[in-house]
Amino acid sequence: MLKNAIKLWFLIAVVIFSACQKNVVVMEEVPIDSLAISYDTIQVFNEVPSGTKEAKRLGQRNPASDFTATGFYVAPNETLTIHVEQLEDGSGVPTLFIGTFSRYKAKWNPTVVPLTAGINTIQADEYGGLLYIRYNANDNSAPTGKVQLEFRSGHRPAPHFVLGKTTNAQWQTMLDTWTTAPDVILESNETMLVASRAKALEYRQENQQQLMQTFDEITKAEYAISGIDNSSAQHKENVHKLLMTETDNTDYYMVATWYRTAYISSVMNVVLTVDGARNNGWGPWHELGHMHQQGAWTWDALGEVTVNIYSLAVERKMGHPTSRLTGDNVWVDAMDYLIIPYAEKDFNASSTSLFVRLAMFQQLWLAFGDNFYQTLHKETREEQATFSTREQQMRYFMLKACTISGKNLSAFFRKWGLKVSESVYTEIGNLNLPASAEDLTSKTDDPNWENKWLVVGYTNQETASENGRAANMIDGNAATYWHSRWSSTPGTYPYFIAVDMKKDTTVTGFTFTQRNGPRRVKDIEIQVSPDNINWNSEGQFVLQDVVTPQNIALPAVKSFRYFKLIFKSAFDGTQNAAMAEVKVY
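Note that the structure is a prediction, hence the values are computed from the model and not measured. (Residues numbered from 1 in each chain as written. Predicted model: local features only at pLDDT ≥ 70, side-chain atom pairs only at ≥ 80, totals over all residues. Heavy atoms only, no water.)

### A few points about helix α13 (residues 390-405)
Here comes step 1: In this model, α13 (16 residues) spans 22 Å end to end at C-alpha, consistent with the 22 Å of a helix rising 1.5 Å per residue.
Here comes step 2: Buried residues of α13: Q393, M394, Y396, F397, M398, L399, K400, A401, C402, I404 and S405, and no others.
Here comes step 3: On its buried face, α13 sits against α11 (354-368), α12 (370-383), α14 (410-415) and α15 (422-430).
Here comes step 4: G406, located one to two residues past α13, shows a positive phi value of around 75°. (Helix = DSSP H or I, 4+ residues; strand = E, 2+ residues; numbered from the N terminus. Expected span 1.5 Å × (residues − 1). Buried < 20%, exposed > 50% of the residue type's maximum accessible area, 1.4 Å probe, protein only. Contact = heavy atoms within 4.5 Å.)

### What about the environment of E462?
Here comes step 1: Note on placement: E462 falls in the loop between β18 (454-458) and β19 (482-483).
Here comes step 2: E462 sits in the buried class, given a relative accessible area of 1%.
Here comes step 3: Sequence separation between E462 and H483 is 21 residues; the distance between their C-alpha atoms is 5.7 Å.
Here comes step 4: Residues in contact with E462, not counting those within four places in the same chain, are N467, G468, R469, H483, S484, R485, W486 and S487.

### A closer look at the sheet that holds strand β11 (residues 156-157)
Within a beta sheet, neighbouring strands are joined by backbone hydrogen bonds and run either parallel or antiparallel to one another.
Here comes step 1: One open sheet holds the five strands; their spatial order is β7-β6-β9-β4-β11, and the pairing between them is antiparallel. The open sheet is flanked by β7 (111-114) and β11, the only strands paired with a single partner.
Here comes step 2: The pairing of strand β4 (residues 68-74) with β11 spans two bridges and is classified as antiparallel. Within the sheet, the bridge partner assigned to F72 lies in β11 and is P157. (Pairing = 2+ DSSP bridges.)

### Here we look at the pairing of strand β10 (residues 146-153)
Here comes step 1: Taken together, the five bridges between strand β3 (residues 42-46) and β10 define a ladder with antiparallel strand orientation. The residue bridging N46 from the neighbouring strand is K146, located in β10.
Here comes step 2: Where strand β5 (residues 79-88) meets β10, seven bridges bridge the pair, whose relative direction is antiparallel. Within β10, the residue paired with E88 across the bridge is K146.

### Points about the packing of aromatic side chains
Centre-to-centre distance and the angle between the planes together describe a pair of aromatic rings.
Here comes step 1: Counting across every chain of the model gives 31 aromatic pairs.
Here comes step 2: Ring centres of F67 and Y132 lie 5.4 Å apart, and the angle between their planes is 80°; on these two criteria the pair is classed as edge-to-face. Remark: Y132 occurs in strand β9 (residues 129-134) and F67 occurs in the loop between α1 (51-58) and β4; sequence separation between them is 65 residues. Of the two residues examined, F67 and Y132, each falls in the buried class.
Here comes step 3: Between the aromatic rings of F97 and F101, the centroid separation amounts to 5.7 Å while the plane-to-plane angle is 80°, which identifies the pairing as edge-to-face. For the pair F97 and F101, one class covers both residues: buried.
Here comes step 4: Here the aromatic residues W297, W299, Y337, F347, F361, F397, F412, F413 and W416 are joined through ring pairs into a cluster of three or more. (Phe/Tyr/Trp six-rings, centres within 6.5 Å; stacked < 30°, edge-to-face > 60°.)

### What about the pattern of salt bridges?
Here comes step 1: Tallied over the entire structure, the rule returns 32 salt bridges.
Here comes step 2: The residue D333 makes a salt bridge to R469 at a minimum N-O spacing of 2.5 Å. Here D333, found in helix α10 (residues 330-338), pairs with R469, found in the loop between β18 and β19; they are 136 residues apart in sequence, far enough to count as distant.
Here comes step 3: Between R469 and D336 there is a salt bridge; the shortest N-O distance is 3.3 Å. (Salt bridge = Lys/Arg side-chain N within 4 Å of Asp/Glu carboxyl O.)

### Quick word on the domain arrangement of the protein chain
Here comes step 1: Segmenting the protein chain into domains produces domain 1 (42-285), domain 2 (295-442) and domain 3 (453-584).
Here comes step 2: With six residues of domain 2 at the interface, the matching set in domain 3 holds eight residues.
Here comes step 3: Summing both sides of the interface, domain 2 and domain 3 together bury roughly 580 Å²; the carbon and sulfur share of this comes to 54%.
Here comes step 4: Contact with domain 3 buries area across many residues of domain 2, yet V332, D336 and I339 alone supply 68% of it, more than any other trio.
Here comes step 5: Our count for the contact surface shared by domain 2 and domain 3 stands at two salt bridges.
Here comes step 6: The interface formed by domain 2 and domain 3 contains three residue pairs in polar contact (both at pLDDT 80 or more).
Here comes step 7: For the side of domain 2 that touches domain 3, a count of residues per class yields four nonpolar, no polar and two charged. (Domains from an automatic or database assignment. Buried area = accessible area lost by both parts, 1.4 Å probe. Polar contact = N/O pair within 3.5 Å; in protein donor to acceptor, adjacent residues only side chain to side chain. Nonpolar A, V, L, I, M, F, W, Y, C, P; charged D, E, K, R; others polar.)

### Here we look at the packing of α12 against α13
Here comes step 1: Two numbers describe how α12 lies on α13: the axes approach to 10 Å, and their chain directions differ by 120°. One element, α12, and the other, α13, form an angle in the oblique class. Relative to α13, the crossing made by α12 is right-handed. Contacts between α12 and α13 involve F372, T375, L376, E379, T380 and E383 on the former and, on the latter, Y396, F397, K400, A401 and I404.
Here comes step 2: Looking at side-chain class alone, the contact of α12 with α13 contains six nonpolar, two polar and three charged residues. (Axes fitted to C-alpha atoms, helices over the stretch in contact; angles between N-to-C directions. Parallel < 35°, antiparallel > 145°, perpendicular 65-115°, else oblique. Left-handed = near helix turned anticlockwise from the far one by under 90°.)

### A few points about unusual backbone geometry
Here comes step 1: Cis geometry marks the peptide bond from Y493 to P494; its omega dihedral reads 5°.
Here comes step 2: On the secondary structure map, P494 appears in the loop between β19 and β20 (495-513).
Here comes step 3: Residues other than glycine seldom take positive phi values, yet Y259 does so here, at roughly 75°.
Here comes step 4: Relative to the helices and strands, Y259 resides in the loop between β16 (254-257) and β17 (260-264).
Here comes step 5: A positive phi is found at N532, a non-glycine position, where the angle reads about 70°.
Here comes step 6: Within the secondary structure, N532 sits in the loop between β21 (523-529) and β22 (536-542).
Here comes step 7: On the accessibility criterion, N532 (31% relative accessible area) is partly exposed.

### Regarding the UniProt feature "domain: Peptidase M60" (unreviewed entry) in the protein chain
Here comes step 1: Under the local residue numbering, the UniProt record ascribes the feature "domain: Peptidase M60" (unreviewed entry) to residues 65-369.
Here comes step 2: Split by type, residues 65-369 is 30% helix and 25% strand. Its first and last C-alpha atoms lie 30 Å apart. (UniProt positions renumbered as here; feature names shortened; annotations may be inferred.)

### Some words on the UniProt feature "domain: F5/8 type C" (unreviewed entry) in the protein chain
Here comes step 1: If you check UniProt for "domain: F5/8 type C" (unreviewed entry), the listed places come out as residues 435-585 in our numbering.
Here comes step 2: End C-alpha atoms of residues 435-585 are separated by 41 Å, and the span's content is 0% helix alongside 42% strand.

### Points about the confidence of the model for the protein chain
Here comes step 1: Predicted confidence across the protein chain gives a mean pLDDT of 93, with 94% of residues reaching 70 or more.
Here comes step 2: Counting interchain partners and residues more than four positions distant, the pLDDT-below-50 stretch residues 1-21 has 58 contacts.
Here comes step 3: Note that residues 23-33 has pLDDT below 50 and, in this model, 27 contacts with residues that lie over four places away or in other chains. (pLDDT = per-residue confidence, 0-100.)

Right, here's the structure in full:
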């Protein structure tokens with residue numbers, strides 16, 4: 001005898017849509033029984049704007065998921081019978097989707113079946129899939145239509161968690177009772193999450209309510225930094241949810257494009273657990289961020305860069321104490337890039353890493369706060385700005401950044417290597433805005449930044465054919481090293497590297513660790529400075545041709561903030577140089 005009898009309550013629900021409200025499933029009152037589960041064979045759909053129309057309103061590059069989950073599945077080659085009744089006239093045609101966008105490599109997009117009034121008999125293909133309804137108005141018409149669909153045969157219930165409607169206990173019952181569908185779906189107010197039944201069973205003990213609330217928090221944080229605050233019709237939330245689906249397509253790890261985001265099965269622990277979504281969720285935050293990017297100022301070098309403006313906003317919302325830029329030591333790389341002469345760097349070049357580029361956008365946030373990006377998004381929406389070239393998009397962003405901040409940011413953009421027509425910098429000057437009183441390129445979100453040494457100058461470094469960055473010499477890792485440039489336009493001795501210790505330091509001498517390999521330095525000069533302007537030589541020294549740390553004592557104990565190492569020759573007689581580590585004692 002079963003301890004708990006499972007009651008199946010077959011109730012009729014009405015699915016309500018409006019142009020300013022997410023899809024809401026309203027069900028008749030269910031008797032108080034945490035194990036009662038139901039599915040709804042009669043569903044009513046109101047016409048809504050298309051995903052592309054909403055994307056245009058919001059200035060976004062990717063349309064959101066403009067369809068609604070029915071909670072049903074059709075098996076491969078099964079015949080579906082659906083009765084359609086037009087309750088109110090509209091301009092659109094209700095359409096059935098069989099299958100989930102990007103769920104399976106073999107069926108990357110769903111089967112699309114336009115529905116007509118009366119009986120619709122539909123033969124599923126060899127894959128079958130979850131069932132969705134899209135009912136979008138013509139883009140030139142206001143949404144006015146309403147249809148009622150009755151699923152009469154061929155449909156099977158799939159486990160379907162709806163935040164605010166389904167309890168965790170009911171979810172367990174669904175998983176144990178509705179076992180036919182290979183996939184399940186969980187919905188929050190802002191997202192639809194599709195997973196394999198296998199993964200749903202693996203993580204069935206998670207608190208599904210907290211999980212879906214977390215995804216609402218994530219989406220709301222990305223809305224917030226986008227200035228989507230419902231202050232006017234232009235700035236209302238997207239009427240559509242965002243699809244997050246597991247995928248078996250190993251061509252992708254995680255991906256976002258029109259109507260969906262998708263995640264390879266091996267990372268579903270991040271998507272299906274509260275801890276993963278909150279504390280290790282950069283991947284989903286990033287993919288959802290793609291759904292918010294605005295085309296007007298996302299030029300071709302920024303597709304995987306500005307998306308992380310939204311990731312960083314979620315990171316802050318989730319309460320992470322340090323940013324990924326700090327955790328991944330990106331600020332060192334960024335400062336290393338910033339000291340490259342303007343003529344030799346290009347913000348958009350492939351040699352400039354994606355996260356170094358992101359650092360520029362984070363510095364603008366550090367200087368001007370959330371309001372900077374909120375206003376940028378709002379003005380882009382209001383102006384309905386669209387451009388076709390990189391130059392136009394860069395010009396738009398640079399001018400907007402200046403007018404929103406109230407500052408002439410020419411020096412900032414030049415230091416970052418934004419290469420545009422000189423006329424753009426002239427336009428900025430003609431705005432007659434004051435320059436920033438501080439050097440914005442010195443900003444970081446690293447709470448320990450003032451205690452970290454920084455390379456502030458060097459002759460050259462090799463980054464094209466190996467990681468021979470000057471900053472490697474002060475990273476505390478003897479396995480990494482600075483190497484003079486050799487892959488193109490090789491340098492010749494002498495070479496120098498200047499370091500800022502961030503504060504006056506009393507120094508007796510230096511400890512050098514040569515590279516464990518060729519190009520070891522022989523003759524050096526050490527200079528010191530209080531200000532990185534006035535330099536005093538502490539003498540010429542000869543290093544040993546060994547890989548163990550070796551000390552070089554100064555003639556006298558000195559206090560200084562900056563030091564410069566001038567390398568003058570190598571033990572192997574070539575014009576190449578390398579050094580693994582330098583410290584002071």
